Amino acid sequence: NYEQVVNEVPGSPVFMMQLCQEARHLEVQIVGDEHGNAVALNGRDCSTQRRFQKIFEEGPPTVADPAAFREMERAAQRLTQSI
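Bear in mind that the values here come from a model prediction, so they are computed numbers and not experimental data.

(A) Representation of the pattern of salt bridges in the model. Scanning the entire structure with this criterion turns up 5 salt bridges. Linking D45 and R24 is a salt bridge whose minimum nitrogen-to-oxygen distance equals 2.6 Å. Within this pair, whereas D45 is found in strand 2 (residues 38–45), its partner R24 is found in the loop between helix 1 (2–8) and strand 1 (26–32), the two being separated by 21 residues in sequence. Its relative accessible area of 45% is what places R24 among the partly exposed residues. Residues joined by salt bridges that share partners form a network here, namely E71, R74 and R78.

(B) Quick peek at the side chain of Q77. On the secondary structure map, Q77 appears in helix 2 (residues 66–81). Residue class for Q77 comes out buried when judged on its relative accessible area of 18%. For Q77, the side chain forms a polar contact with the main-chain oxygen of A38, separated by 2.8 Å.

(C) Main features of the pairing of strand 1. Note that strand 1 and strand 2 share 7 bridges and pair antiparallel. Directly across from E27, in strand 2, lies its bridge partner R44. Here strand 1 hands over to strand 2 after 5 residues, with G36 in that stretch at a positive phi of 90°.

(D) Molecular detail of the environment of G43. Relative to the helices and strands, G43 is located in strand 2. Classification of G43 as buried rests on a relative accessible area of 9%. Beyond its immediate sequence surroundings of up to four residues, G43 is in contact with E27, V28, G59, P60, P61, F69 and E73.

(E) View of the environment of I55. Looking at the secondary structure, you find I55 in the loop between strand 4 (53–54) and helix 2. What makes I55 exposed here is its relative accessible area of 52%. For the pair I55 and A67, spaced 12 residues apart in the sequence, the C-alpha separation amounts to 26 Å. Setting aside residues up to four positions removed in sequence, I55 forms contacts with T48, Q49 and R50.

The rules we used
- Every chain is numbered independently, its residues counted from 1 as its sequence is written.
- With the structure being a predicted model, the display of local features is reserved for residues of pLDDT at least 70 and the display and counting of side-chain atom pairs for 80 or more, all residues being used for whole-chain, interface and lining totals.
- The basis for every side-chain value is the complete set of heavy atoms in the structure, and neither hydrogens nor water enter the calculation.
- One speaks of a salt bridge when a side-chain nitrogen belonging to Lys or Arg is within 4 Å of a carboxyl oxygen belonging to Asp or Glu.
- Numbered from the N terminus, helices here are DSSP runs of H or I no shorter than four residues, and strands are runs of E no shorter than two.
- Burial classes follow relative accessibility: with a 1.4 Å probe on protein chains only, a residue under 20% of its type's maximum area counts as buried, one over 50% as exposed, and anything between as partly exposed.
- In protein, a polar contact means a hydrogen-donor-capable atom and an acceptor-capable atom, both N or O and within 3.5 Å, with residues adjacent in sequence counting only if both atoms are side-chain atoms; elsewhere, any N or O pair within 3.5 Å suffices.
- When DSSP finds two or more bridges between two strands, those strands count as paired.
- By definition in these notes, contact holds between two residues if any of their heavy atoms fall within 4.5 Å.

See below:
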């Protein structure tokens, strides 16, 4: 409950987030260099968290549609290359 959260770390700000049912925390691991090269190494499902800290990571992310996750990898790669 709210009071329990407020008392857990006195003086710490509390952020309220809207609950997204069936949402997953998926990550793409990227390696890039100073020349603009980048490659997506792998992905993982980091949905099991406590206080925004990952409890464990599952890879590859089996909950994601493979085509959708491949597009996530390509988008992360493009973003890294643009930096």
